[in-house]
Amino acid sequence: GPLFSLILVLYPVITYEGKFFSNLFHGLAPFIVSSIYLSIIAQVSHIQENADFHPNKSWLWNQMNVSYNYNMDSSYISYFIFYITGGLNYQNIHHVLPGIHHHHYLTLYPKFKKIILKHQYPLYDSLGLMTSYKNFVKYLFQLNINETLQ
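Per chain, residues are indexed from 1 in the order of the written sequence. Local features in this predicted model are restricted to residues whose pLDDT is 70 or higher, and side-chain atom pairs enter the listing and the counts only when it is 80 or higher, whereas totals over whole chains, interfaces and linings include all residues. The side-chain numbers reported here are obtained from all heavy atoms of the structure, hydrogens and water having been left aside.

Visitor: So what exactly am I meant to see when it comes to the environment of Leu10 here?
Guide: For helices the rule is a DSSP run of H or I covering at least 4 residues; for strands it is a run of E covering at least 2, with both sets numbered from the N terminus onward. Along the chain, the position of Leu10 falls in helix 1 (residues 2-15). In the structure, Leu10 is positioned 18 residues away from Leu28 in sequence and 8.7 Å away in space, judged by C-alpha atoms.

What follows is the structure in structure tokens.
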């Protein structure tokens, strides 16, 4: 819990001789890096222009509408991103079938996509992480402009 995290961060600061701020940085660095990594991966997959929750739509429709996929091709970069994100670049399957291990996503996705398109559910695939990230940042600026104009 939070107490354990605090002890984990402060332990190197308190116990090791040396510079206080250097030890504090080394205690906080893993948390900072993992937080940035997770926020980029999670936010890019969910905060996009068309990602809206609609209370009058089904659970499946909403799960498909609020999640974006990226790097879906079979290039080496896509495989690399698949493994470093734990399959989170396949957000639709992750949301709809959370109990399935991510190693199955690569073989399931073509069948999954065919079924989703057959039943006319929303499906958002992007060419790559950078394209998704660019659209994410663009949408954040749009939200900010719209908020300041009101």
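Visitor: Before we go on, may I ask you to explain the environment of Asp73 in this structure?
Guide: On the secondary structure map, Asp73 appears in the loop between strand 1 (68-70) and helix 4 (76-84). Along the backbone, Asp73 and Trp61 are twelve residues apart, and their C-alpha atoms lie at a distance of 24 Å. Polar contacts, as used here, are pairs of N or O atoms within 3.5 Å; protein pairs need one atom able to donate a hydrogen and one able to accept it. Residues neighboring in sequence count only if both atoms are side-chain atoms. Polar contacts involving the side chain of Asp73 include one to the side chain of Ser75, which spans 3.3 Å.

Visitor: Just checking my understanding: could you explain the pattern of salt bridges for this structure?
Guide: Pairs may arise between side chains of opposite charge once their charged atoms sit close together. Salt bridge, as applied in this entry: a Lys or Arg side-chain nitrogen positioned within 4 Å of an Asp or Glu carboxyl oxygen. If you walk through the whole model with that rule in mind, you get one salt bridge. Its salt-bridge partner being Lys113, residue Asp125 comes within 3.5 Å of it at the nearest N-O pair. In this pair, Asp125 sits in strand 2 (residues 124-126) while Lys113 sits in helix 6 (residues 105-118), placing the two residues twelve residues apart along the sequence. Only protein chains enter the accessibility calculation, which uses a 1.4 Å probe. A residue is then buried if its area is under 20% of the maximum for its type, exposed if over 50%, and partly exposed in between. Take Lys113: its relative accessible area is 30%, and that puts it in the partly exposed class.

Visitor: Teacher, can you tell me more about unusual backbone geometry here?
Guide: The phi angle of most residues is negative, glycine excepted, and most peptide bonds adopt the trans form. Backbone geometry at Asn71 places phi at a positive 55°, although glycine is not the residue there. Look at Gln120: it is not a glycine, yet its phi comes out positive at around 60°. Following the sequence through the fold, Gln120 ends up in the loop between helix 6 and strand 2.

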